Amino acid sequence: GEYTAFAAMALGQFETAEDHLRALRDISDSLNNRSGIVVHEAVSDGSIWFGHDSMTTRPDGTKTNDFNTDETIKFPSAVALIWRWTGDNRFRDEMYAFAKRNLQAVARRLDVDGDGWPEGSGNVEREGMGPEKLDNAVYFIRALYDLADMARSKHDNRTAAWARSLANKQRAKFEQTWWYNPAAQYADS
């Protein structure tokens, strides 16, 4: 939904994009008891693919989330994109509490080692990747700035300050964390 929202906005499909995010919010809240975790894929037959707020324990004892971190991180940015294109403050207000819960869940629960970078699956997944992903790091910073903008427009100064402060902190340490000198590029995990 976050990726298709760009095309939908350019084509003027505002209601379609808004309805899509409403459906994701409603399904996610129902399935995950309002935890803020967003489902990965909901199919018209009622099945949910990867998006339950739970963990699976592998035979070797390691645990993995049964959801993608990136879906939860990207949701607030999709809301902000639609809000900015349409100027629809009612939509922003309708989605705001859920978008805020998304990033609170990420900050509180998905940064297991306390370094500010959320653990969990991102867009790019392959064997041997570490628990933190570059795409999640970037999307998290972007989403925090987007939430701060929405909060400021709603005069929710406490949330705006929290989101902007955390985004600035992560942005300041981004290069030193993610730049990989031996390959002269950013590490993907």
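Everything below is about the structure printed above this text.
Residues numbered from 1 in each chain as written. Predicted model: local features only at pLDDT ≥ 70, side-chain atom pairs only at ≥ 80, totals over all residues. Heavy atoms only, no water.

A.B. asks: So what exactly am I meant to see when it comes to the packing of aromatic side chains here?
C.D. replies: Note on aromatic pairs: each is described by the distance of the centres and the angle between the planes. Applying the stated criterion across every chain yields a total of five aromatic pairs. Ring plane angle 75° and centroid distance 6.2 Å describe the contact between Trp-117 and Phe-174, whose orientation is recorded as edge-to-face. Of this pair, Trp-117 sits in the loop between helix H4 (89–110) and helix H5 (134–153) while Phe-174 sits in helix H7 (residues 174–178); the two residues are 57 residues apart in sequence, bridging distant segments of the chain. The exposure classification of Trp-117 matches that of Phe-174, with both residues buried. Here the aromatic rings of Trp-179 and Tyr-186 are separated by 4.8 Å at their centres, their planes lie at 85°, and the arrangement is edge-to-face. Residue classification places Tyr-186 among the partly exposed residues on the basis of a relative accessible area of 34%. Through successive ring pairs, a cluster of aromatic residues spans Trp-117, Phe-174, Trp-178, Trp-179 and Tyr-186. Positioned above the aromatic ring of Tyr-139 is the side chain of Lys-74, whose terminal nitrogen or guanidinium carbon lies 5.1 Å from the ring centre. (Phe/Tyr/Trp six-rings, centres within 6.5 Å; stacked < 30°, edge-to-face > 60°. Helix = DSSP H or I, 4+ residues; strand = E, 2+ residues; numbered from the N terminus. Buried < 20%, exposed > 50% of the residue type's maximum accessible area, 1.4 Å probe, protein only. Lys NZ or Arg CZ within 6 Å of the ring centre and 35° of its normal.)

A.B. asks: Could you clarify how one ought to interpret the side chain of Asp-135 in this entry?
C.D. replies: Take Asp-135: it is sitting in helix H5. For the buried Asp-135, no salt bridge exists, and the shortest N-O distance to an oppositely charged side chain is 6.1 Å, to Lys-74. The residues touching Asp-135, leaving out its near neighbours within four places in the chain, are Gly-122, Asn-123 and Val-124. (Lys, Arg positive; Asp, Glu negative; His and termini not counted. Salt bridge = Lys/Arg side-chain N within 4 Å of Asp/Glu carboxyl O. Contact = heavy atoms within 4.5 Å.)

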